[in-house]
Amino acid sequence: MKKYNVAIAGATGAVGGAMLDVLARKNFPINELRLLASERSVGKKLTFQGKEITVQLLSKDAFTDIDIALFSAGATRSLDFAPAAAAAGAVVIDNSSAYRMDPEIPLVVPEVNPHAIAQYTKRGIIANPNCSTIQMLVALKPIHDKVKIKRIVVSTYQAVSGTGAPAIEELKAQVLAYAKGDPLKSEVYPHQIAFNCLPHIDSFLDNGYTKEEMKMVNETRKIFEDDSIGVTATTVRVPVVYGHSEAVNIETEQKITAAEVKELLSTAAGVTLVDDPANNQYPMAIDCAGSFETLVGRIREDESIANGINLWVVSDNILKGAALNAVQIAEHYIEKYL
């Protein structure tokens, strides 16, 4: 099997570490693995498949001879360095929001629109969607193909790991302080996150929605290649470490029963059906952590409209919501285009 030179930009971050884990778990065909990060991380050593690799500086000349560059270093660094990586001959798979809505750059969920990867030739960059969009569309794609979805109403319950390591530590510190009866300190979030729900992810926009909510709206339409789909979202941060949960309500053009949806999803790529409420079996965040699968359950017909379905969708936001999706894009790219 041919092997490839792979770089990870943002290798010392949470998603960068998950990318290392996914590459190892999938036995990705790697010749050289180049780990890149900011100045404060240069010289650190990370272990990959039993070997220590020294972290190098993320710079515009760091991508010589690289075939695939996985970026998870934030939108600003992606805007600065991704074009240089592409100019050096690498195909960039970017996990930030920098390029998602650029009409020349494909936005890809491999189980949903792998054909879009072919557009990488325009700029040498492929965008990874937002974590909450990815898992929702993995679950909805088979339904959309069968009966066409007209409208999506989604409420998300998103883990603190989506904000990063400091948010995880803040949640843990607040739980400990609460148990001891000590004052709770909030620095990462504007309010206490322990034992609370914050209907506030990313900044608020003039229309009253947050950026996170509008990402789900705009990315869904781009990935499904259909601007006519109605999408509305409410995104909520909850005191969970790993795993985003979503209550999804859809309206379809043709009638589909809950039983038919379950049958479709039972064989859908990337989906595990967990739907036996009589025995208390339904997707939970604690069950998805570390899993590559998107868990779907609580499938039932919406009795308030003629063609409506409700679903509960759960997935590991660091894996399928970020690192895994990026590596899956890389796998499709080397299979079809290299």
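Residues numbered from 1 in each chain as written. Predicted model: local features only at pLDDT ≥ 70, side-chain atom pairs only at ≥ 80, totals over all residues. Heavy atoms only, no water.

### Looking at the overall build of the protein chain
Per the secondary structure count, the protein chain includes eight helices and 14 strands. In the protein chain, 66% of the contacts between residues at least 6 apart in sequence involve partners at least 24 apart. Per element, the accessible surface of the protein chain, about 15,000 Å² overall, is 49% carbon and sulfur. Distance between charge centres in the protein chain, computed from 33 positive and 40 negative side chains, equals 3 Å. (Helix = DSSP H or I, 4+ residues; strand = E, 2+ residues; numbered from the N terminus. Contact = heavy atoms within 4.5 Å. Areas by Shrake-Rupley, 256 points an atom, 1.4 Å probe, with all protein chains shown as cover. Lys, Arg positive; Asp, Glu negative; His and termini not counted. Charge placed at Lys NZ, Arg CZ, Asp CG, Glu CD.)

### Topic: the UniProt feature "binding site: NADP(+)" (unreviewed entry) in the protein chain
The UniProt entry lists Thr 12, Gly 13, Ala 14, Val 15, Arg 40, Ser 41, Ser 161, Gly 162, Pro 183 and Asn 317 under the feature "binding site: NADP(+)" (unreviewed entry), expressed in the numbering used here. Across 306 residues in sequence, these annotated residues place their C-alpha atoms as far as 33.3 Å from one another, rather than forming a single compact spot. With respect to the helices and strands, Thr 12 occurs in the loop between strand 1 (4-9) and helix 1 (14-25). If we skip the residues at most four places from it in the chain, Thr 12 touches Ala 37, Ser 41, Lys 44, Leu 46 and Val 55. Tracing the backbone through its elements, the reader meets Gly 13 in the loop between strand 1 and helix 1. The class of Gly 13 is partly exposed, set by a relative accessible area of 34%. (UniProt positions renumbered as here; feature names shortened; annotations may be inferred. Buried < 20%, exposed > 50% of the residue type's maximum accessible area, 1.4 Å probe, protein only.)

### Description of the UniProt feature "binding site: phosphate" (unreviewed entry) in the protein chain
Under the UniProt annotation, "binding site: phosphate" (unreviewed entry) lies at Arg 100. Beyond its immediate stretch of four places on either side in the chain, Arg 100 contacts Asn 95, Leu 107, Ala 127, Asn 128, Pro 129, Asn 130, Lys 215, Glu 219 and Lys 222. A polar contact of 3.0 Å, which involves the side chain of Arg 100, links it to the backbone oxygen of Asn 95. (Polar contact = N/O pair within 3.5 Å; in protein donor to acceptor, adjacent residues only side chain to side chain.)

### Thoughts on the pattern of salt bridges
For the coordinates displayed, the defined rule picks out 14 salt bridges. A salt bridge links Asp 21 to Arg 25; the nearest nitrogen and oxygen atoms lie 3.5 Å apart. With Asp 21 and Arg 25 both in helix 1, this residue pair falls four residues apart, about one helical turn. Between Glu 212 and Lys 215 there is a salt bridge whose closest N-O contact spans 3.9 Å. In this pair, Glu 212 and Lys 215 are both assigned in helix 5 (residues 211-224), three residues apart and thus about one turn of the helix distant. (Salt bridge = Lys/Arg side-chain N within 4 Å of Asp/Glu carboxyl O.)

### Some thoughts on the environment of Ala 289
In this fold, Ala 289 is placed in the loop between helix 7 (285-288) and strand 13 (294-301). Taking C-alpha positions, Ala 289 is 28 Å from Ile 334, a pair spaced 45 residues apart along the chain.

### Structural notes on the pairing of strand 6 (residues 68-71)
Alternating positions in strand 6 separate into two faces, Ile 68 and Leu 70 on one and Ala 69 and Phe 71 on the other, with burial throughout. Looking at chain direction, strand 6 and strand 7 (residues 91-94) are connected through four bridges and run parallel. Opposite Leu 70, over in strand 7, you have Ile 93 as the bridge partner. In this view, the connection linking strand 6 to its parallel neighbour strand 7 by way of helix 2 (residues 75-87) has right-handed handedness. (Pairing = 2+ DSSP bridges. Right-handed = clockwise from strand over helix to strand, strands pointing away.)

### Describing the sheet that holds strand 9 (residues 149-158)
The six strands are arranged 10-9-11-14-13-12 in an open sheet whose pairing can be described as mixed. Single-partner strands in this sheet number two, and they are strand 10 (230-237) and strand 12 (271-273). Neighbour-to-neighbour, the strand axes of this sheet turn through a mean angle of 25°, independent of strand direction. Against the sheet, helix 6 (residues 258-266) engages strand 12, strand 13 and strand 14 (308-315), with an angle of about 165° to strand 13. (Axes fitted to C-alpha atoms, helices over the stretch in contact; angles between N-to-C directions.)

### Some remarks on helix 6
Every buried residue of helix 6 is listed here: Ala 258, Val 261 and Leu 265. Buried residues of helix 6, seen end-on, are gathered within an arc of 55° and therefore sit on one face of the element. Relative to its buried face, helix 6 has exposed residues pointing more than 90 degrees away, namely Ala 259 and Glu 263. Where helix 6 is buried, its residues contact helix 3 (131-147), strand 12, strand 13 and strand 14. (Arc of directions from axis to C-beta.)

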